[in-house]
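# Analysis of the macromolecular model
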Amino acid sequence: MAAKVEREEGNMGRTIFLLISVVLVAYYVYIPLPDAIEEPWKVLLENTFLKIGVDLAFLGERLGINHSMKTIQLLMRFQDVPPTSDENVTVMETTFNSVPVRIYIPKRKSTTLRRGLFYIHGGGWCLGSAASFMYDTLSRRTAHKLDAVVVSTDYGLVPKYHFPRQFEDVYRSLRWFLQEDILEKYGVDPRRVGVSGDSAGGNLAAAVTQQLLQDPDVKVKLKVQALIYPALQALDTNVPSQQEGSHFPILTRSLMVRFWSEYFTTDQGLEKAMLLNQHVPMEFSHLLQFVNWSSLLPERYKKGHFYKNPTPGNSELVQKYPGFIDVKACPLLANDNILHHLPLTYIITCQYDVLRDDGLMYVQRLQNAGVHVTHHHFEDGFHGAFSFPNLQIANRMQNQYFSWLIKNL
Ligand SMILES: *[C@@H]1O[C@H](CO)[C@@H](O)[C@H](O)[C@H]1NC(C)=O
Ligand SMILES: *[C@@H]1O[C@H](CO)[C@@H](O)[C@H](O)[C@H]1NC(C)=O
Ligand SMILES: *[C@@H]1O[C@H](CO)[C@@H](O)[C@H](O)[C@H]1NC(C)=O
């Protein structure tokens, strides 16, 4: 009798365990993807891995094991690949002004100087590396397709480093590359150099491109900037794409707010204020005009949203972390007479991306300032799609990007 009860309790325990597991797995797997997204199972799978990794990292942080971004860095390190040359491209590692870079040089013979593309990887200023499989693959492909010398730069990451370290590393590395003798050493035509990056890398690309305009020591001018779903402002965390984006794949609003606040500090006071959109104090409210989606977004993206000025916050945060109102972190804050001098610009935005409206607003502001902009909006796009391994949309996006660069760089 006792044995039977025990067995039944055992069965019951197993059943409950199974039920809980099924619910947990379903909770992770079930992310309602927008219908327009193709190959949904691949996206869902990747998203699930990412979500588990991020949630474990946050749990570890709460338990005091490690900063969450350190844990994710550790998990991502398995995706790094060595700098191996292949039949088409020679790959090497070196440092530019003490910043580590990976350089990709086409093997085919060239009688003329080549294009040069300086690439900045994404990862929320916390994650990613030029060595990661997806960025290494992208840089190889870019070098081969464009017959270009690609410099893929690294930079210090959160939490070891905060703003402005990331910006400064990238800027130092770019300035080194733009020296005429260095360009010559790698066979690059100084009239055909461009800067590009995705996500946080797009943020850094936009920021260093602006900074170069004000640097009299750099004689070589950029021919183009190509920004792939860039993050461009931290002042208004309630633009329509952020409001819609609590369930977008790969990058949710809360993760993006976390990346932004970590860029400036690990102090959670800033993150909390940013989540409430209450971090800009009254004395800086004049900056909000530069990120005003009510006046800068095309009608169709405003539909169903009502503009509300962000609630003013206390001045303490901005005094401690002035980075979040710095144009070097938020390129949308630049005024028109800076924007006016920017080079030919290419911008990719995605419909299902919390950063969509940052990109759309920059397109509008650049056009208002008289800059030539080519804008590709992907109706079925989502954040991260550009460098997503083995996805059709990644190929489509990259092919458009390559053909624009072939024509314009
Ligand atoms: C914390 O993260 C760092 C960097 O990723 C790693 O080297 C270290 O082993 C981690 N520590 C623990 C206790 O997990
Ligand atoms: C090298 O280039 C050729 C021609 O474009 C291509 O078919 C081949 O797959 C490339 N090799 C690698 C390793 O990418
Ligand atoms: C944003 O623009 C709208 C009109 O398009 C205006 O009513 C509002 O006051 C502006 N807000 C800020 C902070 O510039």
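What comes next concerns the included structure. (Residues numbered from 1 in each chain as written. Chains lettered and ligands numbered in written order. Predicted model: local features only at pLDDT ≥ 70, side-chain atom pairs only at ≥ 80, totals over all residues. Heavy atoms only, no water.)

## Considering the overall build of the chain
When helices and strands are tallied, the chain shows 16 helices and eight strands. A globule of 409 residues ought to have a C-alpha radius of gyration of about 22 Å, and the chain, at 23 Å, matches this closely. Projected onto the principal axes, the alpha-carbon positions of the chain cover approximately 90 × 55 × 40 Å. The burial tally for the chain puts 54% of its 409 residues in the buried class. Contacts in the chain between residues at least 24 apart in sequence constitute 76% of all its contacts with a sequence separation of at least 6. In the form shown here, the chain has an accessible surface area of approximately 18,700 Å², with 57% of it arising from carbon and sulfur atoms. Here the chain holds 40 positive side-chain charges and 40 negative ones, and the gap between their average locations is 4 Å. (Helix = DSSP H or I, 4+ residues; strand = E, 2+ residues; numbered from the N terminus. Rg over C-alpha atoms; globule rule 2.2 N^0.38 Å. Buried < 20%, exposed > 50% of the residue type's maximum accessible area, 1.4 Å probe, protein only. Contact = heavy atoms within 4.5 Å. Areas by Shrake-Rupley, 256 points an atom, 1.4 Å probe, with all protein chains shown as cover. Lys, Arg positive; Asp, Glu negative; His and termini not counted. Charge placed at Lys NZ, Arg CZ, Asp CG, Glu CD.)

## Thoughts on the site of ligand 2
Taken together, Asp 86, Glu 87, Asn 88 and His 144 are the residues near ligand 2. In this structure, Glu 87 approaches ligand 2 through a side-chain N or O atom, which is 3.0 Å from a nitrogen atom. For ligand 2, an oxygen atom lies 2.5 Å from a polar atom in the side chain of Asn 88. For ligand 2, the protein covers 37% of the area, taking 360 Å² as the surface of the free molecule. Counted by class, the shell around ligand 2 contains no nonpolar, two polar and two charged residues. (Near = heavy atom within 4 Å. Polar contact = N/O pair within 3.5 Å; in protein donor to acceptor, adjacent residues only side chain to side chain. Nonpolar A, V, L, I, M, F, W, Y, C, P; charged D, E, K, R; others polar.)

## A short note on the packing of helix α9 (residues 253–264) against helix α10 (residues 268–275)
Orientation of α9 relative to α10, taken along the N-to-C sense of each, is 140°, at an axis distance of 9 Å. Classified by the angle between their axes, α9 and α10 sit oblique to one another. You can see that α9 and α10 cross each other, and the crossing is right-handed. Residues Arg 253, Ser 254, Val 257, Arg 258, Trp 260, Ser 261 and Phe 264 of α9 form the contact with α10, whose own contacting residues are Leu 270, Glu 271, Met 274 and Leu 275. (Axes fitted to C-alpha atoms, helices over the stretch in contact; angles between N-to-C directions. Parallel < 35°, antiparallel > 145°, perpendicular 65-115°, else oblique. Left-handed = near helix turned anticlockwise from the far one by under 90°.)

## Considering the sheet that holds strand β3 (residues 114–120)
If you walk across this open sheet you meet the eight strands as β1-β2-β4-β3-β5-β6-β7-β8, and the pairing is mixed. Lying at the two open borders of the sheet, with one neighbouring strand each, are β1 (89–96) and β8 (373–382). Along the sheet, successive strands turn relative to each other by an average axial angle of 20°, direction set aside. Summarising the sheet, strand β5 (residues 188–198) and strand β6 (residues 224–228) pair through five bridges and their orientation is parallel. Looking at β6, one finds that Ser 196 is bridged to Ala 226. Strand contacts of helix α5 (residues 165–177): β1, β2 (99–106), β3, β4 (148–153) and β5, with the helix running at about 170° to β3, the strand carrying the most contacts. In the packing of helix α15 (residues 356–368) onto the sheet, the strands contacted are β6, β7 (344–352) and β8, and the crossing angle to β7 comes to about 145°. (Pairing = 2+ DSSP bridges.)

## Here's the deal with the site of ligand 3
For ligand 3, the full set of nearby residues is Leu 288, Gln 289, Asn 292, Ser 294, Ser 295, Tyr 307 and Asn 309. Asn 292 places a polar side-chain atom, nitrogen or oxygen, 2.4 Å from an oxygen atom of ligand 3. Within the side chain of Ser 294, a nitrogen or oxygen atom sits 3.1 Å from an oxygen atom of ligand 3. The protein chains hide 54% of the 370 Å² of surface that ligand 3 would expose on its own. Among the residues making up the shell around ligand 3, the classes are represented as two nonpolar, five polar and no charged.

## With respect to the packing of helix α2 (residues 40–62) against helix α3 (residues 68–76)
Relative placement of two packed helices is described by the angle separating their axes and the distance separating the axes. Put simply, α2 and α3 touch, their axes get as near as 8 Å, and they point 140° apart. Viewed along their axes, α2 and α3 adopt a mutual orientation that is oblique. The handedness of the crossing between α2 and α3 is right-handed. Together, Gly 53, Val 54, Ala 57, Phe 58 and Glu 61 of α2 and Ser 68, Thr 71, Ile 72 and Leu 75 of α3 make up the contact between the two elements. Here the residues of the contact of α2 with α3 are counted per class, giving five nonpolar, three polar and one charged.

## Quick notes on the pattern of salt bridges
Overall, the coordinates contain 21 salt bridges when judged by the stated rule. A salt bridge links Asp 169 to Arg 165; the shortest N-O distance between them is 2.9 Å. With a gap of four residues between them, Asp 169 and Arg 165 both fall in helix α5, about one helical turn apart. A cluster of three or more residues bridged by salt bridges with shared partners is formed by Asp 86, Glu 93, Arg 102, Asp 136 and Arg 140. (Salt bridge = Lys/Arg side-chain N within 4 Å of Asp/Glu carboxyl O.)

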